[in-house]
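Survey of secondary and tertiary structure
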Amino acid sequence: MRRSRILIKMIRAGVIVFIAAAGCMATPVVKSTCVISWGKSLDWRIDHYKVSVGHDGKSEKPPYIVKAPATEISCEAVGVQGKGRWQATIQACLKDGTCSEPSAPMSFKVVD
């Protein structure tokens, strides 16, 4: 349990989801060539990140694994295909499979 609490604190402090070229409070409008990126965790034990995307509020695909220390992935690589509203969440995971809670979802709208 201690490991989980530390991981959750670390995520709250260090992992923030961004969409490249995103606006502030309004839902960002992006092209299908967008990039999902997040702040690097301060915890050296992070082995990988799980990036989950959903279209119109539905999770359609299993999470995409991004090996640390990488902190970005193209929207196309994680399965963002087609126009509409999408959401992305990030989880940081240790080698033993313990993962943080998903980040708050970041919404964005793909226009092409």
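Residues numbered from 1 in each chain as written. Predicted model: local features only at pLDDT ≥ 70, side-chain atom pairs only at ≥ 80, totals over all residues. Heavy atoms only, no water.

**Details of the overall build of the protein**
To be explicit about the condition: We count a stretch as a helix when DSSP gives it H or I for four or more residues in a row; a strand needs E for two or more, and each element gets its number in order from the N terminus. The Shrake-Rupley method, run with a 1.4 Å probe sphere, supplies the accessible areas, and residue values consider only the shown protein chains as cover.
The helix and strand inventory of the protein stands at one helix and nine strands. Overall, the protein shows an N-to-C arrangement of helices and strands of α-β-β-β-β-β-β-β-β-β. Accessible surface, the protein as shown: approximately 6,700 Å² in total, 55% of it carbon and sulfur.

**Considerations on the environment of Thr98**
Note the following rule: Pairing of N or O atoms within 3.5 Å defines a polar contact, subject to two protein rules: one partner must be a possible hydrogen donor and the other a possible acceptor, and residues neighboring in sequence count only if both atoms are side-chain atoms.
One can find Thr98 in the loop between β8 (84-94) and β9 (106-110). Taking the C-alpha atoms as reference points, Thr98 and Ile46, 52 residues apart in sequence, are found 9.7 Å from one another. A polar atom in the side chain of Thr98 sits 2.8 Å from the side chain of Asp96.

**As for the state of the cysteines**
The criterion, for reference: Cysteine sulfur atoms that come within 2.5 Å of each other are treated as a disulfide pair. The cut-offs for exposure are 20% and 50% of the maximum accessible area for each residue type, with area from a 1.4 Å probe on protein chains only; residues under the lower value are buried, those over the upper are exposed, and the others partly exposed.
Using the criterion set out here, one finds two disulfides in the structure. Bridging Cys34 to Cys75, the disulfide has an S-S length of 1.9 Å. Its S-S torsion of about -115° marks the bond between Cys34 and Cys75 as left-handed, since a negative value means left-handed. With Cys34 in the loop between β2 (29-30) and β3 (35-38) and Cys75 in the loop between β7 (72-74) and β8, the pair connects residues that are 41 residues apart, well separated along the chain. For Cys75, a relative accessible area of 0% translates into the label buried. For Cys93, the disulfide goes to Cys99, at an S-S distance of 2.1 Å. The sign of the 110° torsion about the S-S bond sets the Cys93-Cys99 disulfide as right-handed. The partly exposed category is assigned to Cys99, whose relative accessible area is 24%. Sequential numbering of the bridged cysteines in the protein gives the disulfide pattern 1-2, 3-4.

**Details of the nonpolar core**
Defined as follows: Only buried residues count toward a nonpolar core, which is a set of Ala, Val, Leu, Ile, Met, Phe, Trp, Tyr and Cys residues joined through side-chain atoms within 4.5 Å. What makes two residues a contact is simply this: any of their non-hydrogen atoms within 4.5 Å.
Within the largest apolar cluster, 20 residues are counted, with the highest numbers of intra-cluster contacts made by Ile36, Trp38, Val51, Val80 and Phe108. Elements that contribute at least two residues to this core include exactly β3, β4 (46-55), β8 and β9. Looking at which element gives the most residues to this core, the answer is β8, with five residues. For Val80, the residues in contact, after removing those within four places along its chain, are Val53, Cys75, Trp86, Phe108 and Val110.

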